[in-house]
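The lines below spell out each chain.
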Amino acid sequence: MPLPLPALFGKYQLLAHIAEGGMADVYLARLTGPGGFEKRLVVKVIRPELAERREFCELFVAEAKITVALSHANIVPVYELGMVNGQYFLAMELVDGPTLHTLVFDPRRGGPLPPPFAAYIMEQVLRGLDYAHRQGVIHRDLSLANVMCSRDGEVKVVDFGIAAQVHAQRLLAGG
């Protein structure tokens, strides 16, 4: 169940519940600082009912460790792994735009994506995945909902929650 909003969550102010997954809720958040400093970002909070289960906490921490090591224009960066009131959270970049699922299935669009636009999106997704694979990381949950498309044309892969790290030599050898 999402947290009541708006809410102060550690140093972040949670503004809106924007998504939910199998083990976490995702919030639009704001970080403020001295002199009027303000940054909007996303805070992904492990669900309270799962926060006491070691295996879910280990998966959540593993996602943070995997994703924070990935630095690529087509992968959403993780800024912080933290804990507030016994709940792990990740602070991540806010991508200002819809998921690929929304772009493909939004009835207001009235049809399929134009082929050049679809090809551009796929190229960007594949660039991010290629980078991750070269780092020994396999996403394992790539879906239309895990691809974000910014209003400025950036395409980013999100949610490495069930990613697997593999030995790079095994990956390149096809085994």
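Everything discussed here concerns the structure shown above.
All values reported here derive from a predicted model rather than from experimental measurement. (Residues numbered from 1 in each chain as written. Predicted model: local features only at pLDDT ≥ 70, side-chain atom pairs only at ≥ 80, totals over all residues. Heavy atoms only, no water.)

In total, this model carries 12 salt bridges according to the counting rule given. Salt-bridge contacts for Arg53 lead to Glu55; the nearest nitrogen and oxygen are separated by 3.0 Å. With relative accessibility at 40%, the residue Arg53 sits in the partly exposed group. Arg134 serves as the salt-bridge partner of Asp130, at 2.9 Å between the closest nitrogen and oxygen. Note that Asp130 and Arg134 are positioned in helix H3 (residues 115-134) at a spacing of 4 residues, about one turn of the helix. If you follow the salt bridges from partner to partner, you end up with Glu20, Asp25, Arg47 and Glu49 in one network. (Salt bridge = Lys/Arg side-chain N within 4 Å of Asp/Glu carboxyl O. Buried < 20%, exposed > 50% of the residue type's maximum accessible area, 1.4 Å probe, protein only. Helix = DSSP H or I, 4+ residues; strand = E, 2+ residues; numbered from the N terminus.)

Going through the model one piece at a time under the given rule, you end up with 2 aromatic pairs. Ring centres of Phe9 and Phe89 lie 5.5 Å apart, and the angle between their planes is 80 degrees; this geometry places the pair in the edge-to-face category. A residue pair is termed long-range when its members are at least 10 positions apart, and Phe9 in strand S1 (residues 7-9) and Phe89 in strand S6 (residues 87-92) qualify at 80 residues. Each member of the pair, Phe9 as well as Phe89, carries the same accessibility label: buried. Ring geometry for Tyr12 versus Phe89: centroids 5.7 Å apart, planes at 75 degrees, classification edge-to-face. Highlighted residues: Tyr12 in strand S2 (residues 12-20) and Phe89 in strand S6, separated in sequence by 77 residues. Owing to a relative accessible area of 4%, Tyr12 belongs among the buried residues under this scheme. Judged by its relative accessible area of 3%, Phe89 is buried. (Phe/Tyr/Trp six-rings, centres within 6.5 Å; stacked < 30°, edge-to-face > 60°.)

For the rest of this paragraph, the subject is the sheet that holds S1. Taken in spatial order, the 6 strands make up an open sheet running S1-S2-S3-S4-S6-S5, and their pairing is antiparallel. Two strands bound the open sheet, and with one partner strand each, they are S1 and strand S5 (78-84). Between one strand axis and the next, the sheet turns by 40 degrees as a mean value, whatever way the strands run. Pairing analysis gives 9 bridges linking strand S3 (residues 24-32) to strand S4 (residues 38-46), with the strands arranged antiparallel. (Pairing = 2+ DSSP bridges. Axes fitted to C-alpha atoms, helices over the stretch in contact; angles between N-to-C directions.)

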